[in-house]
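Single-letter residue listing:
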Amino acid sequence: MSQRECAIGIDIGTGSSRAAAFDLGGRLLFSQAEEYPLSYPRLGWAEQDPEVVLAAVIKALKDLTARLAEHGYRPLVVGLSSVFHSVLPLGKDGRPLANCLPWADSRSTQIVNAWKKDPAARAWYARTGCPLHPMYLPGKIAWWHANEPELFARTA
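In this text, all values refer to a predicted model and were calculated from it rather than measured experimentally. (Residues numbered from 1 in each chain as written. Predicted model: local features only at pLDDT ≥ 70, side-chain atom pairs only at ≥ 80, totals over all residues. Heavy atoms only, no water.)

### Considerations on the overall build of the chain
For the chain, the count of helices and strands is five helices and four strands. Along the chain, helices and strands appear, N-terminal first, in the series β-β-β-α-β-α-α-α-α. Radius of gyration (C-alpha) of the chain: 20 Å, far over the 15 Å computed for a compact globule of 156 residues. Projected onto the principal axes, the alpha-carbon positions of the chain cover approximately 65 × 35 × 30 Å. When burial is assessed residue by residue, the chain has 33% of its 156 residues classed as buried. (Helix = DSSP H or I, 4+ residues; strand = E, 2+ residues; numbered from the N terminus. Rg over C-alpha atoms; globule rule 2.2 N^0.38 Å. Buried < 20%, exposed > 50% of the residue type's maximum accessible area, 1.4 Å probe, protein only.)

Now the structure itself:
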């Protein structure tokens, strides 16, 4: 069987990772999804184990590429999208130091509410187009700095 070319899209979402293959005309060929949990260790907190998420991405991609090979397809390009507003502290070796804080984590609410009282908050909005919100990265990073200084210091 001669090899045909295709495109692969990978989406790393809040509750699952999905891999899909399309022919070069845009027709869906195959797709694969792997689910994983979002944990809530405390009220207002949300976390994900980055190793579990990575394993799901790899499994979905391996299963998809096996199906493609069975049907004579060869990936030409790969596109990647990921969950928005997630932050993961990494060490100098590139390995995770803690769980990922996804968009659903709101542990920085008090920090962000204090920032909103500062007149500079308007400048933030004017410069970024984003209102101050616990879902965004600055509040999460500031929370780590204030509440887990050892972790913050080890983060590359």
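Right, picking up where we left off after that structure.
### Quick notes on the confidence of the model for the chain
Looking at the chain, pLDDT values average 94 and 99% of them are 70 or higher. The least confident element of the chain, judged by mean pLDDT, is helix α3 (residues 120–128) at 85; the most confident is strand β3 (residues 28–35) at 98. (pLDDT = per-residue confidence, 0-100.)

### Focus on the nonpolar core
Counting 16 residues, the largest nonpolar core has Ile8, Ile10, Ile12, Ala21, Leu29, Leu64 and Leu68 as the members making the most contacts within it. Among the secondary structure elements, those contributing two or more residues to this core are β1 (4–12), β2 (16–23), β3 and α1 (50–70). Broken down by element, the residue count for this core peaks at six residues, all from α1. With residues up to four places along the chain from it excluded, the contact list for isoleucine 12 reads Ser17, Tyr36, Val53, Val57, Leu80, Ser81, Ser82 and Val83. Counting residues in each nonpolar core, the second largest holds six residues, with Val87, Leu101, Trp144 and Leu151 among its members. (Core = buried A, V, L, I, M, F, W, Y, C linked by side-chain atoms within 4.5 Å. Contact = heavy atoms within 4.5 Å.)

### Here's the deal with a nonpolar patch on the surface
A contiguous nonpolar surface patch, about 270 Å² in accessible area, is contributed by Leu24, Leu76 and Val77. Its place among the elements puts leucine 76 in strand β4 (residues 73–82). (Patch = residues over 30% accessible without salt bridge, like charges linked within 9 Å, V, L, I, M, F, W, Y side chains within 5 Å. Areas by Shrake-Rupley, 256 points an atom, 1.4 Å probe, with all protein chains shown as cover. Salt bridge = Lys/Arg side-chain N within 4 Å of Asp/Glu carboxyl O.)

### Focus: the environment of valine 77
Take valine 77: it is sitting in strand β4. In the structure, valine 77 is positioned 29 residues away from serine 106 in sequence and 36 Å away in space, judged by C-alpha atoms. Not counting chain neighbours up to four residues away, the residues in contact with valine 77 comprise Cys6, Ala7 and Ile8.

### Quick word on the side chain of arginine 107
Locating arginine 107 in the fold gives a position in the loop between β4 and α2 (109–116). Looking at arginine 107, the relative accessible area reads 10%, which means it is buried.

### Description of the side chain of glutamine 48
Here glutamine 48 shows up in the loop between β3 and α1. Of the polar contacts made by the side chain of glutamine 48, one reaches the backbone oxygen of threonine 14; its length is 2.5 Å. (Polar contact = N/O pair within 3.5 Å; in protein donor to acceptor, adjacent residues only side chain to side chain.)

### Observations regarding the layout of surface pockets
In this structure, the largest pocket occupies an estimated 360 Å³ of space. In this structure, the largest pocket is lined by 17 residues; those nearest its centre are Ile12, Pro50, Val53, Leu88 and Cys100. At five residues, the largest contribution of residues to the lining of the largest pocket is made by α1. (1 Å grid on protein atoms, 1.4 Å probe; cavity = no way out; pocket = protein on both sides within 12 Å on 5 of 7 lines; lining within 4 Å. Points joined across faces, edges and corners; volume = space filled by probe spheres on them.)

### Looking at helix α4 (residues 137–147)
When we look at burial in α4, the residues that qualify are Gly139, Lys140, Ala142, Trp143 and Trp144. Here the buried face of α4 lies against α2 and α5 (149–154).

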